[in-house]
Amino acid sequence: MIGDLLGTAAIIFFCPGIYNATRIQSMRVIAFIMIGVVIYELLQPVLPRGVLDWKDVVCTFADGSLALIVVLVIWQIIQDPSMPDNAKADS
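On a predicted model such as this, the values are computed, not experimentally measured, just so you know.

The rules we used
Residues numbered from 1 in each chain as written. Predicted model: local features only at pLDDT ≥ 70, side-chain atom pairs only at ≥ 80, totals over all residues. Heavy atoms only, no water. Helix = DSSP H or I, 4+ residues; strand = E, 2+ residues; numbered from the N terminus. Expected span 1.5 Å × (residues − 1). Buried < 20%, exposed > 50% of the residue type's maximum accessible area, 1.4 Å probe, protein only. Arc of directions from axis to C-beta.

Peer 1: Describe in detail helix H3 (residues 54-77), supporting the description with residues and values.
Peer 2: Helix length check: H3, at 24 residues, gives a terminal C-alpha distance of 35 Å against a target of 34 Å (1.5 Å per residue), a fit within 8%. Every buried residue of H3 is accounted for by Asp56, Val57, Cys59, Thr60, Asp63, Gly64, Ala67, Val71 and Trp75.

Peer 1: I'd like a rundown of helix H2 (residues 23-42), residues and numbers included.
Peer 2: Between its terminal C-alpha atoms H2 stretches 29 Å, which fits the 28 Å expected from 20 residues at 1.5 Å a residue. Those residues of H2 that sit buried are Ser26, Val29, Ile30, Ile33, Met34, Val38 and Glu41. Down the axis of H2, the buried side of the element spans an arc of 160°, and every buried residue falls inside it. Exposed side chains of H2 directed beyond 90 degrees from the buried face belong to Arg28 and Phe32.

Peer 1: Can you break down the environment of Gln79 residue by residue, with the values?
Peer 2: Note on placement: Gln79 falls in the loop between H3 and helix H4 (86-90). Sequence separation of Gln79 and Thr22 is 57 residues, and the distance between their C-alpha atoms is 10.0 Å.

Take a look at the structure:
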């Protein structure tokens, strides 16, 4: 269970960082990875020696949600260069 949390978190934070993703791209990457890991977990019974563990699926959703919250907080602190400046739009 801890391995699922840490492994998924590492992948979720590594991918947007390596791609130098914008705010919207970051959210898309997080959603794509989270859905991909859940699909992989659901396919475990079909794979050799695979066992479906619902705790892994729940941990993936929890970790993806936490990562999304952290990324959104980071994007609130850091200005996204691809987005128009809000101060200029208001004036």
